[in-house]
Amino acid sequence: MQVWLDGRVMPVEEARISPFDRGFLFGDGVYEVVRFFDGVGMAMDLHLARLERSLALAGIVGFTAAEARQAMLAVLQAEGLRDAAVYLQVTRGAAATRTHIPPKGLRPTVFAFASACPPLSSLDAAAGISVVVRPDDRWHRCEIKTVSLMGSVLPMLEAAEIGAEEAILVREGLVSEGSSSNVMALVGDTLVTPPIDAEPSILHGTMRHLALDAAHAEGMKTSVRPLPVSELMQASEVLIVSSRRVLAGVTRLDGRSFGDGSVGPVAHRLIRRMRDGVQSHLAAAR
Ligand code: PDD
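Because the structure is predicted, anything quoted here is derived from the model rather than measured.

Analysis parameters
Residues numbered from 1 in each chain as written. Predicted model: local features only at pLDDT ≥ 70, side-chain atom pairs only at ≥ 80, totals over all residues. Heavy atoms only, no water. 1 Å grid on protein atoms, 1.4 Å probe; cavity = no way out; pocket = protein on both sides within 12 Å on 5 of 7 lines; lining within 4 Å. Points joined across faces, edges and corners; volume = space filled by probe spheres on them. Helix = DSSP H or I, 4+ residues; strand = E, 2+ residues; numbered from the N terminus. Nonpolar A, V, L, I, M, F, W, Y, C, P; charged D, E, K, R; others polar. Domains from an automatic or database assignment. Buried < 20%, exposed > 50% of the residue type's maximum accessible area, 1.4 Å probe, protein only. Contact = heavy atoms within 4.5 Å. Polar contact = N/O pair within 3.5 Å; in protein donor to acceptor, adjacent residues only side chain to side chain. Buried area = accessible area lost by both parts, 1.4 Å probe. Salt bridge = Lys/Arg side-chain N within 4 Å of Asp/Glu carboxyl O. Near = heavy atom within 4 Å. Areas by Shrake-Rupley, 256 points an atom, 1.4 Å probe, with all protein chains shown as cover. Sits in = over half its atoms within 2 Å of the grid points.

K.L.:
Can you help me understand the layout of surface pockets in this one?
P.N.:
Vacant regions in the atomic arrangement are exposed by a probe of water-molecule size rolled over the atoms. There is about 720 Å³ of room inside the largest pocket. Around the largest pocket sit 35 residues that line it, and Y31, K145, L149, S179 and S180 are the ones nearest its centre. Those elements that provide at least two residues to the lining of the largest pocket are β3 (29-37), β5 (84-91), α4 (150-161), β9 (174-178), α5 (206-217) and β13 (237-242). Among the elements that make up the lining of the largest pocket, the one with the highest residue count is α4 (five residues). Across the lining of the largest pocket, the residue classes tally to 14 nonpolar, 14 polar and seven charged. For the lining of the largest pocket, the two domains that each supply at least three residues are domain 1 (2-117) and domain 2 (123-282). If you go around the second largest pocket, you meet 19 residues; those closest to its centre are G41, M42, A43, M44 and H281.

K.L.:
Is there a simple way to think about the environment of A85 in this case?
P.N.:
Looking at the element boundaries, A85 is found in strand β5. Residue A85 is classed as buried on the basis of its relative accessible area of 2%. Through-space distance from the C-alpha of A85 to that of M42 is 9.9 Å; in sequence the pair is 43 residues apart. Excluding residues that lie within four positions of it along the chain, A85 makes contacts with V33, V34, R35, F113, A114, S115, C117 and R244.

K.L.:
How should the environment of T190 be read in this particular structure?
P.N.:
Relative to the helices and strands, T190 resides in strand β11 (residues 190-193). T190 sits in the buried class, given a relative accessible area of 16%. When the C-alpha positions of T190 and A215 are compared, they lie 9.6 Å apart, and in sequence the two are 25 residues distant. Residue contacts for T190: discarding those within four places in its chain leaves A185, K221, T222 and S223. Within the structure, T190 has its side chain in polar contact with the side chain of D189 (distance 3.1 Å).

K.L.:
Any chance you could explain the domain arrangement of the chain here in plain terms?
P.N.:
As a measure of interface size, the accessible area lost when the parts come together is often cited. Per the domain assignment, the segments making up the chain are domain 1 (2-117) and domain 2 (123-282). Summarising the inter-unit geometry, the C-alpha centres of domain 1 and domain 2 are found 25 Å apart. Across the boundary between the two partners, domain 1 contributes 23 residues, which contact 23 residues of domain 2. Summed over both sides, the interface between domain 1 and domain 2 buries roughly 2100 Å², with carbon and sulfur atoms accounting for 67% of that surface. By the criterion of area lost to domain 2, the three top residues of domain 1 are Y31, M42 and R50, representing 31% of everything that side buries. Where domain 1 packs against domain 2, one counts zero salt bridges. For the interface between domain 1 and domain 2, the tally reads 11 residue pairs in polar contact (both at pLDDT 80 or more). At the level of elements, β3, α2 (44-58) and β5 are the ones that each hand at least two residues to the side of domain 1 that touches domain 2.

K.L.:
Can you walk me through the site of the ligand in this structure?
P.N.:
The environment of the ligand is formed by 20 residues, the closest being Y31, R50, E177, T206 and S243. Within the side chain of E177, an N or O atom sits 2.7 Å from a nitrogen atom of the ligand. Between the ligand and M207 there is a distance of 3.0 Å, counted from an oxygen atom to a backbone nitrogen or oxygen. Expressed as a share of its isolated accessible area of 480 Å², the protein-covered part of the ligand is 92%. When atom positions are compared with the pocket grids, the ligand is found to occupy the largest pocket. Mapped onto the shell around the ligand, the elements with two or more residues apiece are β3, α2, β9, α5 and β13.

What follows is the structure, encoded as structure tokens:
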């Protein structure tokens, strides 16, 4: 496997990161995951803007979105992949020893790799997904896409115990987001999703953005407002959106069948709209 580390592509066996890297010692870094179809990044501009924002909010300097794009394309090419998810992580860098206050002049550590994913035709239908609902015990700055993810991993471990793949997180009775996704619910004839700039915040999801656009294009009503978990439980469809999955429909919740246990029509309509958007983007890029 070929990976990107600090400015170049190399075999993963040659990649060396200092044990004093602040990503390793403090979880002091940020990341992005971008889905590529036929070599073109889905919502790439939104990802790069979010990365710049995460870096700025984290005060990590010395790395730009332009370099991120270059690293992502380089790992795709090195692996000979066109349909893939690319992970890119930027930590504050490696210091000489462990101190909470970072020494001045650190150079960020940049690591990226690609893994194969299904092609665009996989978006012809939305997949079903089994989820659990768990308390959101994470920090309050979830608009920063930090690599410190224990708050997301612990509910995922509980999900895995019953064979579920995602945890929907709830703060004071309101849905915030998934462990690694945003959440939407069809309430009556309206697609409802929680606001991103609430206090505490959630991640400014790229697929949330595209799914809302798709709903508008389909002539659907949408509402960005707090979503009580009681409403989620009664919703006719619950959608999980993220770059890795694009859009999935909840078919099981907390170990029981959700609704009639199948993916609903709105999930299929929206993912097809999103697929058409990627198709037009690919045509324009050629
Ligand atoms: N996760 N919320 C959280 C907490 C996330 O980790 C993610 C993405 C999202 C969805 O963002 P986007 O639609 O831009 O991918 C929302 C990535 C895929 C991951 O951790 O693998």
